[in-house]
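Examination of the molecular architecture
The primary structure of each chain is shown beneath.
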Amino acid sequence: CLTWREMTLSACVIGCGSLGLYFGHRLSTSGAHVTLVKRAPISNAHGAAAIKLSARRQIIQLRGKTPQSTLTKTEVTVTDGLAGLSNCAEPIELPFGIILVTVKHKDTEEVGKQIYNGFNSGFFSPSTIVVSLQNGMGNVEILREQLQGESHLMPVFQGLTYTGVSRPEEYMAQINGLGKTFVGIPNPQENHEMLLTKDVSGILEELASRLDVTFTDGIDSMMWTKLLVNTIINPITSLLDLPNGSVATEKRFQGILSSACKEFEKVARKEKVDLQLGDETAAEFVIRVATNTNSNISSMLNDVREGNQTEIEALNGYIIRRARHHGIDVPIQTSLYNLIKAMEGTL
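Residues numbered from 1 in each chain as written. Predicted model: local features only at pLDDT ≥ 70, side-chain atom pairs only at ≥ 80, totals over all residues. Heavy atoms only, no water.

If you walk through the whole model with that rule in mind, you get 6 aromatic pairs. Plain terms: the ring middles of Phe123 and Phe124 are 6.5 Å apart, the flat faces sit at 85° to each other, and that makes the pair edge-to-face. Relative accessible area serves as the criterion here: at 10%, Phe123 is assigned to the buried category. Ring geometry for Trp224 and Phe264: centres 5.6 Å apart, planes at 70°, overall edge-to-face. Of this pair, Trp224 sits in helix α6 (residues 219–240) while Phe264 sits in helix α8 (residues 254–270), placing them 40 residues apart in sequence. Residue Trp224 is classed as buried on the basis of its relative accessible area, which comes to 4%. Classification of Phe264 as buried rests on a relative accessible area of 0%. A network of ring pairs unites the aromatic residues Phe96, Phe123 and Phe124 as a single cluster. (Phe/Tyr/Trp six-rings, centres within 6.5 Å; stacked < 30°, edge-to-face > 60°. Buried < 20%, exposed > 50% of the residue type's maximum accessible area, 1.4 Å probe, protein only. Helix = DSSP H or I, 4+ residues; strand = E, 2+ residues; numbered from the N terminus.)

As structure tokens, then:
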């Protein structure tokens, strides 16, 4: 019997945006069999025949931090939704050993349903692991709910990356800043049973070796610390169409930043979360991140510029819901949330 290190890992990356392309490229160039899952096309409203979903081979590209950086290419399978795997001209290594979910928060519920149906179709096995590398909070819970009780067979892990990536072309990812990637068990005291059958342990080791992933017991604290930054930098820069550094350099934002941080910390304390701020205050931490990512454009601002729905629900919306649960008033966080919702026309 082959061990996972002796086998070729078969990976399913759901989401063909910048992060999906980046991690798909990394896995493919490490020797894994990679399938990228795009959103399935929607047939028109006039009763046209159903669109035939398919899978095909596709070259994807990854470029370093500057336009002059080396461009590397690799070939993967791309499918229109998981159903497209049924019409693939090339053989695919099934079942998949790992699923990386990189879609927007609003698509998480539908992806969870697809994964559950894929499990019943034989695309995934009881030892397939799911890793959410999505922005914001609540995605792991949604995926588990949609798996309808099968999460003990398909464990869902929380991932977090500090690598910044954009997508200048449909099948090209551009690295804007390299950072570490972490994976862990949310609420480890409650979910320790997710670890560690022999197969699951082997796949996690394979993932770590191919993507330089660090496993951590503190993923919840890390997610909340990143959430602190995203609930402030993202909406402020999106409302005024500014790069991240403006949050640190423009004095007009300091009052809003300070108040929003204090509100966030009140909620975090009630949630019994220790933010990873070192010796800094929350406001100092956010300012340092904004300074270090001075020229970056937040993912929310990218969504606003492209006319897409933002992930405000998984960011400020999440804090507002947790604050309401604890009876805490968060007027600044609520104002930022309402302004972004009004901007995208979903208030």
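That covers the picture; the talk isn't over yet.
One can describe the packing of α8 onto helix α12 (residues 331–344) by two numbers: an axis separation of 7 Å at closest approach and a directional angle of 110°. One way to sum up the angle between α8 and α12 is to call them roughly perpendicular. For the pair α8 and α12, the contacting residues are Ile256, Ser259, Ala260, Glu263 and Phe264 in the first and Pro331, Ile332 and Gln333 in the second. In terms of residue class, the contact of α8 with α12 is made up of 5 nonpolar, 2 polar and 1 charged. (Axes fitted to C-alpha atoms, helices over the stretch in contact; angles between N-to-C directions. Parallel < 35°, antiparallel > 145°, perpendicular 65-115°, else oblique. Contact = heavy atoms within 4.5 Å. Nonpolar A, V, L, I, M, F, W, Y, C, P; charged D, E, K, R; others polar.)

Right, let's talk about the nonpolar core for a bit. Residues Trp224, Leu227, Leu228, Ile232, Cys261, Phe264 and Val286 are the most contacted members of the largest nonpolar core, which totals 43 residues. Looking at this core, the elements that each hand over two or more residues are α6, α7 (246–249), α8, α9 (282–292), α11 (316–326) and α12. Per-element accounting of this core gives the leading share, 10 residues, to α6. Among the nonpolar cores identified, the runner-up in size contains 33 residues, and Val13, Ile129, Val183 and Leu204 belong to it. (Core = buried A, V, L, I, M, F, W, Y, C linked by side-chain atoms within 4.5 Å.)

What follows covers the environment of Gly15. With respect to the helices and strands, Gly15 occurs in the loop between β1 (10–14) and α1 (18–29). The class for Gly15 is buried, based on a relative accessible area of 8%. Along the sequence, Gly15 and Lys38 sit 23 residues apart, while their C-alpha atoms lie 5.7 Å from each other. Excluding residues that lie within four positions of it along the chain, Gly15 makes contacts with Gly20, Val37, Thr102 and Val103.

Let us look at the pattern of salt bridges. Side-chain pairs of opposite charge can arise where the charged atoms are in close proximity. Scanning all chains against the criterion turns up 15 salt bridges. In this structure, the salt-bridge partner of Glu280 is Arg288, at a minimum N-O distance of 3.0 Å. Across the salt bridge formed by Glu313 and Arg321, the nearest N and O atoms sit 2.9 Å from each other. Relative accessible area serves as the criterion here: at 22%, Glu313 is assigned to the partly exposed category. Overlapping salt bridges, with partners in common, bring together Arg39, Lys106 and Asp107 in one network. (Salt bridge = Lys/Arg side-chain N within 4 Å of Asp/Glu carboxyl O.)

Don't take any of this as a statement about function, it's just geometry.
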